Amino acid sequence: MTLPARRTPIRSVSFAAAAAEHLDDVYGYLVYLTRDRTLAEDLAAETFEKALKLWKRYDPRRASARTWLCQIARTTALDWFRAEERRRRREESVARPDVIEMAASEGLSPELETALASLSAGEREVIALRVLLELDGEEAARVLGISPTAVSTRLSRALTKLEERMAVHV
Amino acid sequence: MSEPLLDQIREAKPAASPELRSRIRALEAEAPSARRSRLASLHLRPGRALALAGSAAVVAALGAGLVKGLTSEPQSQLGATGAGQGTTGLDQSVGSPTGAPESATKEALAPTGNLGAPATADALAPTPGRLQRFQAEMRLRVADLEELSGATKRAMQIAQSLRGYVVSVQYDAPAQGVGGAQIVLRVPTARVQTALTQLSALGTILGQRIGIEDLQQPADDLTSQIEDTQRQIAQLRLQLARPTLGDEERAVLQARLTESRRQLSDLRASLGGTRAEARFATIQLGLTTERIEPAAVSDSRLDDLKEILAWEGTALLYLLVLAGPFVLLGVLIWLALKLRRRSEEMRLLERA
């Protein structure tokens, strides 16, 4: 399967322009990662707060603004997951955190939505990066901190799993 | 996976709500000047900073070598002899460690009839078993003032190592121009060949003169005179021992005895001086530099540069050997931490 790559051209942009251009991307990525729209909004806001503070260190020659923002979003989400796990341990709760499923009214079929929800966050994020945001292999690898080959493998497994779950639900 | 399904995912891309957009815009409003500055582009990542530091170190090392090679003044390395401060010549006399007589040195420097044309030291060697005055002059050329300093010190060391001594040193190392040194050494005659061989290695031989004066005959004459005087003294003592000797005659004999004793003392001193003269050979060593050609300067500085770079390479190697294990350990720890963090992230994402 060949996925199209949409690269942001290397240019010096302002934070405002980058935020306006990539807010949906960051938000969509976080929705797929957390399966919680409210949480994704909070994490997106936190992501852009961090990005604003770190904007002086951003180097457009190294990565596109979208890739850079997704890296920050991922770190922010992982921090939240860690905090959530610590909280769960403190409360000795064995139940998974309350998660609001992605709304069906956003355009996904119920089968696809259910199948996506059954995937792990790791699987969903690679689908979000490569399919939803249409990052190329190298950009996705940079966000995930792994090699492009590993991204390809992880995406292939996630899509196969998604297809299998879809078949079960159909 | 079917393309329509992927299209469905793309088309159903979640969009940020107007509230979220407002929140982000509010962030921008709070910090309107948060634009990427030109200075920010100079921010260095650790890897690039490391590479830059390494490059800078190499450039600095090369630069230091070049600067050292191009600007080094030979005079600056003569500090140990005190001759690096300008045109002041150094006239240094070194005392005799063995207490041997030095008064005859200047006279010995004058060429005698025995001093001939340049010849090898081996051709004219002192004859074992005979008292001889051995004199040698040697003129050497050294490359520059730095070598002049080294050769001067080395010549003094050679004399001392052969149980000889330095009679005098005249050292002249001007800031510019030709430098030179005149060294007078005295070494045991039995070791003069060794001394000449070692001294000739200090530079290029420009000339060499060797003179040998036989002292055996004068020494024999003196010995004979001493024996005569001793016999004379013995006879005078016998005469003075006679009881029938008159006062006037006794006084004359007593005066002759005193004179003979003084003469004997002088003869013995003279014989001692001759023998001492024969025990030590005098070597006058002349060192000089010539005006160095520009090509030679370049070669010399290139050699300096090579030497400095070699030294720096050695130092770098030592540093690598010393720091290598620590760097390796650091890298391993860093990799382990990275692996641990990644596995923790995967675990978190699997659970989420």
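Colleague: Is there a simple way to explain the overall build of chain B in this structure?
Modeller: Scanning chain B from N- to C-terminus turns up nine helices and six strands. Of the contacts made within chain B by residues no fewer than 6 positions apart, 84% connect residues no fewer than 24 positions apart.

Colleague: What am I meant to see in the overall build of chain A here?
Modeller: A count of helices and strands for chain A gives seven helices and zero strands. Ordered by position in the sequence, the α and β elements of chain A form the string α-α-α-α-α-α-α. Within chain A, the fraction of its 170 residues that count as buried is 41%. Considering only intrachain contacts with a sequence separation of at least 6, the fraction spanning at least 24 residues in chain A is 73%.

Colleague: Looking at this structure, I do not really get helix α2 (residues 37–54) of chain A. What am I missing?
Modeller: Along an α-helix, residues three or four positions apart point the same way, because every turn accommodates 3.6 residues. With 18 residues, α2 of chain A ought to run about 26 Å at 1.5 Å a step, and its terminal C-alpha atoms sit 25 Å apart, in line with that. Those residues of α2 of chain A not exposed but buried are A40, L43, A44, A45, T47, F48 and A51 of chain A.

Colleague: Teacher, can you tell me more about unusual backbone geometry here?
Modeller: It is generally the case that most residues other than glycine have a negative phi and that most peptide bonds are trans. All names here are of chain A. Of note, the phi angle at R35 is positive, near 60 degrees, even though the residue is not glycine. Relative to the elements of secondary structure, R35 occurs in the loop between α1 (15–34) and α2. Its 20 C-beta neighbours within 10 Å are what place R35 among the buried residues. Here E134, not a glycine, exhibits a phi torsion of approximately 60 degrees, which is positive. Residue position: E134 is located in the loop between α5 (121–132) and α6 (137–144).

Colleague: What am I meant to see in the confidence of the model for chain B here?
Modeller: When pLDDT drops low, the exact placement of atoms in the prediction is not to be read closely. All names here are of chain B. Confidence along chain B averages 77 in pLDDT terms, with 74% of residues attaining 70 or more. Contacts for the low-pLDDT stretch residues 73–121, under 50 throughout, to residues beyond four places or in other chains number 75 contacts. Scored as a complex, the prediction yields pTM 0.46 and ipTM 0.77.

Colleague: Is there a simple way to explain the nonpolar core in this structure?
Modeller: Note that soluble globular proteins tend to have their nonpolar side chains buried in a common cluster. Counting residues in hydrophobic clusters, the biggest one holds 57 residues, and the most contacted among them are Y29, L30, A44 and A73 of chain A. With eleven residues, the top contributor of residues to this core is α1 of chain A. Apart from residues lying up to four places away in sequence, A44 of chain A is in contact with V26, Y27, L30 and A73 of chain A together with A16 and L20 of chain B. Grouped together as the second largest cluster of nonpolar side chains are 34 residues, A155, Y171, A173 and A281 of chain B included.

Colleague: Would you mind showing me how to read α6 of chain A here?
Modeller: Residues and elements named next belong to chain A. Burial analysis of α6 places six of its eight residues in the buried class, the great majority of the element. Buried within α6 we find E139, A140, A141, R142, V143 and L144. One or two residues past the end of α6 sits G145, with phi positive at roughly 75 degrees.

Colleague: Explain the packing of α1 of chain A against helix α3 (residues 65–91) of chain A to me, please; I cannot follow it from the model alone.
Modeller: Relative orientation and spacing of two packed helices are given, respectively, by the angle between their axes and the distance between those axes. Residue and element names in this part refer to chain A. At a closest axis distance of 9 Å, the pairing of α1 and α3 adopts a crossing angle of 40 degrees. The orientation of α1 relative to α3 falls into the category oblique. The chirality of how α1 crosses α3 is right-handed. Residue-level contacts link A18, H22, D25, V26, Y29, L30, L33 and T34 of α1 to A65, R66, L69, C70, A73 and A77 of α3.

Colleague: Please clarify how the environment of V167 of chain B should be interpreted in this entry.
Modeller: Residue and element names in this part refer to chain B. Checked against the element boundaries, V167 lands in strand β3 (residues 165–172). Residue classification places V167 among the buried residues on the basis of 25 C-beta atoms within 10 Å. Along the primary structure V167 and V184 are separated by 17 residues, whereas in three dimensions their C-alpha atoms are 5.3 Å apart.

Colleague: How should I be thinking about the environment of L215 of chain B in this particular structure?
Modeller: All names here are of chain B. Within the secondary structure, L215 sits in the loop between β5 (204–214) and α7 (216–240). Separated by 85 residues in sequence, L215 and R130 place their C-alpha atoms 7.7 Å apart. Once you skip the residues sitting within four places of it in the chain, L215 turns out to touch L131, Q132, R133, T274, E277 and A278.

What counts, and where the lines are drawn
Residues numbered from 1 in each chain as written. Chains lettered and ligands numbered in written order. Predicted model: local features only at pLDDT ≥ 70, side-chain atom pairs only at ≥ 80, totals over all residues. Helix = DSSP H or I, 4+ residues; strand = E, 2+ residues; numbered from the N terminus. Contact = placed C-beta atoms within 7 Å. Buried ≥ 20, exposed ≤ 12 C-beta atoms within 10 Å, placed from the backbone. Expected span 1.5 Å × (residues − 1). pLDDT = per-residue confidence, 0-100. Core = buried A, V, L, I, M, F, W, Y, C linked by C-beta atoms within 7 Å. Axes fitted to C-alpha atoms, helices over the stretch in contact; angles between N-to-C directions. Parallel < 35°, antiparallel > 145°, perpendicular 65-115°, else oblique. Left-handed = near helix turned anticlockwise from the far one by under 90°.

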